[in-house]
Amino acid sequence: MKKLFIAIAALMVLAACNNKQGAAPQTGGEDASNVNAAEETTTYLAAIDSFLVNEFGKQYAQGEHCVPLLNVVAADEQKEDDILVWGDFWVFNYNLVGDTLKCVSGGSHPGLMHVRKTDNGFEVTAFDQVEDGSRFLPTAKKIFGDKFVPFQAVNSDEKGREKRRAEGLAEYVKKQGLNATMYQDTGWPAKTLATE
């Protein structure tokens, strides 16, 4: 359990881009996942990353890099055919301009991921998503249940979100070998990526 907590804590990253609601999908952009196919199914967290890029990343205005950011609230690994992962999941598209990742689009997708282990790794089989607007609170309470209070704490922690965002983007930049040291949302000053 301690190992799971450490793994989740290491991968807990959350973003807040200027454009929470996605722009209309555009075609012609690169497949922005930039994730090594062999790594996509190594863990269920990597499977969630892949799901976010493929299911949600393409719904937004496209960029050169699609970065999934996870903030896991809780996980239940008791059943290999239905691993439950509650979290506030984000996906953002960026263009690299000089040494700065400039946010093009993106948004938040809180909810419950259903993941199963297969012979080839892991795959997301279903996603129970919290709804928008007046349906946010009732659907969040239903989906998160006894995990609703921790979800609220994560969801309202702006400083924590920005810290995890900088860390997650720094990890993405390192894995992709990008020459980026900053990230920036439209209309806001650039911020430095987290360093070790």
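Preceding block: the structure.
The residue numbers shown here count from 1 along each chain, following its written sequence. Local features in this predicted model are restricted to residues of pLDDT 70 or higher, and side-chain atom pairs are both shown and tallied only at a pLDDT of 80 or more, whereas totals for entire chains, interfaces and linings draw on every residue. The side-chain values count all of the structure's non-hydrogen atoms but skip hydrogen atoms and water molecules.

Before going further, it helps to examine the pattern of salt bridges. Where side chains of opposite charge bring their charged atoms close, a pairing between them can arise. By salt bridge we mean one thing: a side-chain nitrogen of Lys or Arg within 4 Å of a carboxyl oxygen of Asp or Glu. Taken as a whole, this structure holds 7 salt bridges when the rule is applied. Between glutamate 123 and arginine 116 there is a salt bridge; the shortest N-O distance is 2.4 Å. Using a relative accessible area of 30% as the deciding quantity, one classes glutamate 123 as partly exposed. Throughout, exposure labels follow a simple rule: accessible area from a 1.4 Å probe, protein chains only, divided by the maximum for the residue type, with under 20% read as buried, over 50% as exposed, and the rest as partly exposed. The partly exposed category is assigned to arginine 116, whose relative accessible area is 37%. The salt bridge partner of lysine 147 is aspartate 146, with a shortest N-O separation of 2.8 Å. Classification of aspartate 146 by relative accessible area gives exposed; the value is 67%. Through salt bridges that share partners, Glu162, Arg165, Asp185 and Lys191 make up one connected network.

Right, let's talk about the packing of helix 4 (residues 148-156) against helix 5 (residues 158-176) for a bit. All axes here are fitted lines through C-alpha atoms, helices being fitted over the stretch that makes contact, and every angle between N-to-C directions spans 0 to 180 degrees. By the criteria applied, helices consist of DSSP H or I runs no shorter than four residues and strands consist of E runs no shorter than two, each listed in order from the N terminus. Where helix 4 contacts helix 5, the two axes come as close as 5 Å, and the packing angle between them is 70°. Considered as vectors, helix 4 and helix 5 are oriented roughly perpendicular to each other. In this structure, helix 4 uses Val154, Asn155 and Ser156 to contact helix 5, whose residues at the interface are Glu158, Arg161 and Arg164. Any residue outside Ala, Val, Leu, Ile, Met, Phe, Trp, Tyr, Cys, Pro, Asp, Glu, Lys and Arg is labelled polar, Gly included; the first ten of those are nonpolar and the last four are charged. Here the contact of helix 4 with helix 5 is built from residues that sort into 1 nonpolar, 2 polar and 3 charged. Orientation is classified from the angle alone, with under 35 degrees giving roughly parallel, over 145 giving roughly antiparallel, 65 to 115 giving roughly perpendicular, and any other angle giving oblique. Contact between two residues is taken to exist if any of their heavy atoms lie within 4.5 Å; hydrogens are not considered.

Further remarks concern the nonpolar core. Core analysis: the biggest nonpolar cluster contains 21 residues, and Tyr44, Ile48, Leu52, Val85, Phe89, Met113 and Val115 have the highest contact counts within it. Going through the elements one at a time, helix 2 (44-56), strand 1 (65-76), strand 2 (83-97), strand 3 (100-118) and strand 4 (121-129) are the ones with two or more residues in this core. For this core, the element with the most residues is helix 2, which contributes 8 residues. Leucine 52 has contacts with Gly57, Pro68, Leu70, Phe89, Trp90, Val91 and Met113, leaving out every residue within four places of it along the chain. By nonpolar core is meant a set of buried Ala, Val, Leu, Ile, Met, Phe, Trp, Tyr and Cys residues that side-chain atoms within 4.5 Å join together. Judged by nonpolar contacts, the second largest core, of 16 residues, contains Cys103, Leu169, Leu178 and Ala180.

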